[in-house]
Amino acid sequence: MDVTARLGLASAEVVLASWSNLSGDWTPVIHPTVLEVVGLHAALSVATDALHLANRLASA
C-alpha cells in the first residue's frame with residue numbers, strides 16, 4: 001500500500017512524506033513523521049502568537 005502524509009494549509013497542500021509499498025505494522029515507519037508534524041504545529045503556533053503580540057505592541 002502506498003501512503004502519503006499531507007498538510008493542508010490555507011493556500012496550498014504540502015506533502016510531508018510519502019511511503020511506497022508499506023505493509024504490516026506502519027507504526028515504526030510513520031510515527032517519527034507524526035512527531036515531527038506535532039512539533040512543527042507547536043512551533044508555528046508559537047511563531048503566530050509572537051507575531052500577533054509584536055503587532056499589538058507596535059500599534060500601541
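Novice: Explain the environment of Glu13 residue by residue, including any values.
Specialist: Relative to the helices and strands, Glu13 resides in strand E2 (residues 13-19). Here Glu13 is in contact with Arg6, Leu7 and Gly8, once residues within four sequence places are set aside. Engagement of the side chain of Glu13 in a polar contact is seen with the side chain of Arg6, the distance being 3.5 Å.

Novice: With reference to specific residues and values, describe the environment of Ala5.
Specialist: For Ala5, the location among the structural elements is in strand E1 (residues 3-8). The sequence separation of Ala5 and Ser45 amounts to 40 residues, and the corresponding C-alpha distance is 20 Å. Excluding anything up to four places from it in sequence, Ala5 contacts Val14, Val15, Leu16, Ala17 and Trp19.

Novice: If you had to explain the nonpolar core to someone new, which residues and values would you point to?
Specialist: Val3, Ala5, Ala17, Trp19, Leu22 and Ile30 together form the largest nonpolar core, which totals six residues. Among the elements of the structure, E1 and E2 are those that each provide at least two residues to this core.

Novice: Kindly report on the pairing of E1, identifying the contributing residues and their values.
Specialist: Consecutive side chains along a regular strand alternate between the two faces of the sheet. Alignment of E1 against E2, held across six bridges, turns out to be antiparallel. The residue bridging Leu7 from the neighbouring strand is Val14, located in E2. The turn joining E1 and E2, which pair antiparallel and follow one another in sequence, is formed by four residues.

Novice: I'd like a description of a nonpolar patch on the surface, backed by residues and values.
Specialist: A grouping of Leu9, Val14, Leu16, Leu40 and Leu44 is seen on the molecular surface, where their side chains present a nonpolar patch of about 370 Å² in accessible area. The set of elements that each furnish at least two residues to the nonpolar patch consists of E2 and helix H1 (27-59). Checked against the element boundaries, Val14 lands in strand E2.

Novice: An account of the pattern of salt bridges is needed here, citing residue identities and associated values.
Specialist: Tallying each qualifying case throughout the model produces one salt bridge. Its salt-bridge partner being Glu13, residue Arg6 comes within 3.5 Å of it at the nearest N-O pair. As far as burial versus exposure is concerned, Arg6 and Glu13 are alike and both exposed.

Quick notes on the rules
- Residues numbered from 1 in each chain as written.
- Predicted model: local features only at pLDDT ≥ 70, side-chain atom pairs only at ≥ 80, totals over all residues.
- Heavy atoms only, no water.
- Helix = DSSP H or I, 4+ residues; strand = E, 2+ residues; numbered from the N terminus.
- Contact = heavy atoms within 4.5 Å.
- Polar contact = N/O pair within 3.5 Å; in protein donor to acceptor, adjacent residues only side chain to side chain.
- Core = buried A, V, L, I, M, F, W, Y, C linked by side-chain atoms within 4.5 Å.
- Buried < 20%, exposed > 50% of the residue type's maximum accessible area, 1.4 Å probe, protein only.
- Pairing = 2+ DSSP bridges.
- Patch = residues over 30% accessible without salt bridge, like charges linked within 9 Å, V, L, I, M, F, W, Y side chains within 5 Å.
- Areas by Shrake-Rupley, 256 points an atom, 1.4 Å probe, with all protein chains shown as cover.
- Salt bridge = Lys/Arg side-chain N within 4 Å of Asp/Glu carboxyl O.

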